[in-house]
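Understanding the architecture of this molecule
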Amino acid sequence: MASVFSRIIAGEIPSYKIAEDDRFYAFLDINPLAEGHTLVVPKCEVDYIFDLDDRTLGDMMLFAKKVAAAIRRETGCRKVASIVLGLEVPHAHIHLIPMNEERDVDFSREKLQLTPERFASIAERLREAVEI
Ligand code: AMP
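Predicted, not measured: the structure shown is a model, and the values here were computed from it. (Residues numbered from 1 in each chain as written. Predicted model: local features only at pLDDT ≥ 70, side-chain atom pairs only at ≥ 80, totals over all residues. Heavy atoms only, no water.)

This part covers helix α2 (residues 54–75). The terminal C-alpha atoms of α2 lie 31 Å apart, and with 22 residues this matches the ideal 32 Å at 1.5 Å per residue to within 8%. When we look at burial in α2, the residues that qualify are Thr56, Met60, Phe63, Ala64, Val67, Ala68, Ala70 and Ile71. Buried residues along α2 cover an arc of 160° about the axis, so they all sit on one side. Structural note: α2 exposes Asp54, Arg55 and Lys65 on the side pointing more than 90 degrees away from its buried face. (Helix = DSSP H or I, 4+ residues; strand = E, 2+ residues; numbered from the N terminus. Expected span 1.5 Å × (residues − 1). Buried < 20%, exposed > 50% of the residue type's maximum accessible area, 1.4 Å probe, protein only. Arc of directions from axis to C-beta.)

In structure tokens:
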């Protein structure tokens, strides 16, 4: 069965898309630690990120770099954390999280509750800012 992220990429499940090219897709995490918390995923479905072939892994990081630049510019955060967990969804992904201090990336913290309108407006801002 296709992963939830493959279904998002295929357009079967809605997402707040930030950027896309032929091999990668970026969209807002639906349970964000911070406004702008984004996931970058490869379109090929591989569970464990270090099982990706070298070229895909390297290019995924370069794609994430462009998305992170837009997140940093738009949120004004000190840095954008890039974190790989992958315990919940078995489709490789990088979390990009605006960060000012270490506790901003503590996954045990309560997630933000954002309205669909807020998600949409954050996504629109980031989509316009990102240069792929
Ligand atoms: P993990 O696999 O532990 O890195 O966690 C998966 C992440 O995917 C979590 O932060 C979820 O909030 C996020 N997530 C799961 N389903 C969706 C979805 N349909 N849209 C956006 N984010 C999602």
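The discussion continues.
Below, the discussion takes up the packing of α2 against helix α3 (residues 116–129). Across the interface, α2 lies against α3 with an axial gap of 9 Å and an inter-helix angle of 120°. Classified by the interaxial angle, the pair formed by α2 and α3 is oblique. Handedness of the crossing formed by α2 with α3: right-handed. Residues Ala70, Ile71, Arg73, Glu74 and Thr75 of α2 lie in contact with α3, whose contacting residues are Arg125, Leu126 and Ala129. (Axes fitted to C-alpha atoms, helices over the stretch in contact; angles between N-to-C directions. Parallel < 35°, antiparallel > 145°, perpendicular 65-115°, else oblique. Left-handed = near helix turned anticlockwise from the far one by under 90°. Contact = heavy atoms within 4.5 Å.)

It is worth spelling out the side chain of His95 at this point. Note on placement: His95 falls in strand β5 (residues 94–99). Owing to a relative accessible area of 7%, His95 belongs among the buried residues under this scheme. Beyond its immediate sequence surroundings of up to four residues, His95 is in contact with Asp29, His37, Thr38, Leu39, Ala81, Ser82, Ile83, Leu85 and Phe107.

The subject of this paragraph is the site of the ligand. Contacts to the ligand come from 15 residues, most closely from Asp29, Asn31, Glu88, His93 and His95. Between the ligand and Gly86, the relevant distance is 3.1 Å, taken from an oxygen atom to a main-chain nitrogen or oxygen of the residue. At 2.9 Å, a backbone N or O of Val89 approaches an oxygen atom of the ligand. A total of 500 Å² of accessible area belongs to the ligand in isolation, and the protein chains cover 87% of it. Here the ligand is seated within the largest pocket. Secondary-structure elements contributing two or more residues to the shell around the ligand are α1 (4–9) and β2 (24–28). Its residues placed into classes, the shell around the ligand shows nine nonpolar, four polar and two charged. (Near = heavy atom within 4 Å. Polar contact = N/O pair within 3.5 Å; in protein donor to acceptor, adjacent residues only side chain to side chain. Areas by Shrake-Rupley, 256 points an atom, 1.4 Å probe, with all protein chains shown as cover. 1 Å grid on protein atoms, 1.4 Å probe; cavity = no way out; pocket = protein on both sides within 12 Å on 5 of 7 lines; lining within 4 Å. Sits in = over half its atoms within 2 Å of the grid points. Nonpolar A, V, L, I, M, F, W, Y, C, P; charged D, E, K, R; others polar.)

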